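Observations on the model geometry
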Amino acid sequence: MVRHFIVTAIVALVFAAGTVISITASAGSNSGDMKLGVMASDQDVTTGTVTADKIVAQANGWMVVHRTGADMKPGPVIGYAPLKIGENADVSAILTEPVKSGEMLMLMLHGEEGGMKTGGFEYTLGAKEDGPVRVDGKLVMTVITAK
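Just so it is clear, the model here is predicted, and its values are computed rather than measured.

Our focus in this paragraph is the nonpolar core. Most often, soluble globular proteins have nonpolar side chains that are buried together. Formed by 25 residues in total, the largest nonpolar core has its most connected members in V50, I55, M63, V65, L105, L107 and L109. Sorting the residues of this core by element identifies strand 3 (32-39), strand 4 (49-57), strand 5 (61-68), strand 6 (77-83), strand 7 (86-94) and strand 8 (104-111) as the ones contributing at least two each. Broken down by element, the residue count for this core peaks at four residues, all from strand 4. With seven residues, the next largest nonpolar core counts M72, M104, M108 and V143 among its residues.

Looking now at the packing of aromatic side chains. The way to describe two aromatic rings as a pair is by their centre distance and the angle between their planes. Using the criterion set out here, one finds four aromatic pairs in the structure. Centroid distance W62 to F121: 5.3 Å. Interplanar angle 65°. Geometry classified as edge-to-face. Of this pair, W62 sits in strand 5 while F121 sits in the loop between strand 8 and strand 9 (134-135), placing them 59 residues apart in sequence. F121 gets classed as buried once you look at its relative accessible area, which sits at 15%. Residues Y80 and F121 carry aromatic rings whose centres are separated by 4.2 Å and whose planes lie at 25° to one another, so their mutual orientation is stacked. Linking Y80 in strand 6 with F121 in the loop between strand 8 and strand 9, this pair joins segments that are 41 residues apart in sequence. Within the aromatic cluster, the residues linked to one another by ring pairs are W62, Y80, F121 and Y123.

With respect to the element layout, E122 can be found in the loop between strand 8 and strand 9. Within the buried core, E122 has no salt-bridge partner, and the shortest N-O distance to an opposite charge, that of K117, equals 5.3 Å. A polar atom in the side chain of E122 sits 2.8 Å from the backbone nitrogen of M116. Apart from the residues within four sequence positions on either side, E122 is in contact with G115, M116, K117, E129 and D130.

This part takes up the environment of Q58. Within the secondary structure layout, Q58 lies in the loop between strand 4 and strand 5. Setting aside residues up to four positions removed in sequence, Q58 forms contacts with M34, L36 and I85.

One can find A81 in strand 6. Sequence separation of A81 and G61 is 20 residues, and the distance between their C-alpha atoms is 8.6 Å. Excluding anything up to four places from it in sequence, A81 contacts G61, W62, M63, V91, S92 and A93.

With that settled, consider the pairing of strand 8. Buried residues dominate strand 8, accounting for eight of its eight residues. Side chains M104, M106, M108 and H110 of strand 8 all project onto a buried face; the interleaved residues L105, L107, L109 and G111 project onto the opposite face, where all are buried too. Bridge analysis of strand 5 against strand 8 gives eight bridges, and the strand direction is antiparallel. Bridging across to strand 8, V64 finds its partner in M108. By the bridge criterion, five bridges tie strand 8 to strand 11 (residues 141-145) in an arrangement that is antiparallel. Bridge assignment links L107 to a residue of strand 11, and that residue is T142.

Structurally, M141 is set in strand 11. In the structure, M141 is positioned 33 residues away from M108 in sequence and 4.1 Å away in space, judged by C-alpha atoms.

Reading the values: the criteria
- Residues numbered from 1 in each chain as written.
- Predicted model: local features only at pLDDT ≥ 70, side-chain atom pairs only at ≥ 80, totals over all residues.
- Heavy atoms only, no water.
- Core = buried A, V, L, I, M, F, W, Y, C linked by side-chain atoms within 4.5 Å.
- Buried < 20%, exposed > 50% of the residue type's maximum accessible area, 1.4 Å probe, protein only.
- Helix = DSSP H or I, 4+ residues; strand = E, 2+ residues; numbered from the N terminus.
- Phe/Tyr/Trp six-rings, centres within 6.5 Å; stacked < 30°, edge-to-face > 60°.
- Lys, Arg positive; Asp, Glu negative; His and termini not counted.
- Salt bridge = Lys/Arg side-chain N within 4 Å of Asp/Glu carboxyl O.
- Polar contact = N/O pair within 3.5 Å; in protein donor to acceptor, adjacent residues only side chain to side chain.
- Contact = heavy atoms within 4.5 Å.
- Pairing = 2+ DSSP bridges.

Laid out in structure tokens, this is it:
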């Protein structure tokens, strides 16, 4: 069966206690619509975890936690959690290093392609294995501020 995908990226900026940027993408096909996205809010991470409220993935993959700053560029990976195809609720990743209140974290959708091990997270910053999902060249992610 041939599928045709129409991809649209929507950037939503929300200014509150911290700046939150969310990129959601819509992929339409013969079998229905699927809106890729990462939804999360500013949160307390003193327990050593960070949680996305909802992530929609077009395939099995990963929620990856990157450090980021005012430049909104993904930095080092400090956590990840597996995702299944479709809607994932309350996805939590264990942080591999301390995060202070006020620091910004980028929660990003990554795929499961290109690696040597299915089900094993293999990405390192800039690598192609288990790399970021992009729609029209834009990363599918959101940025939160640690409380």
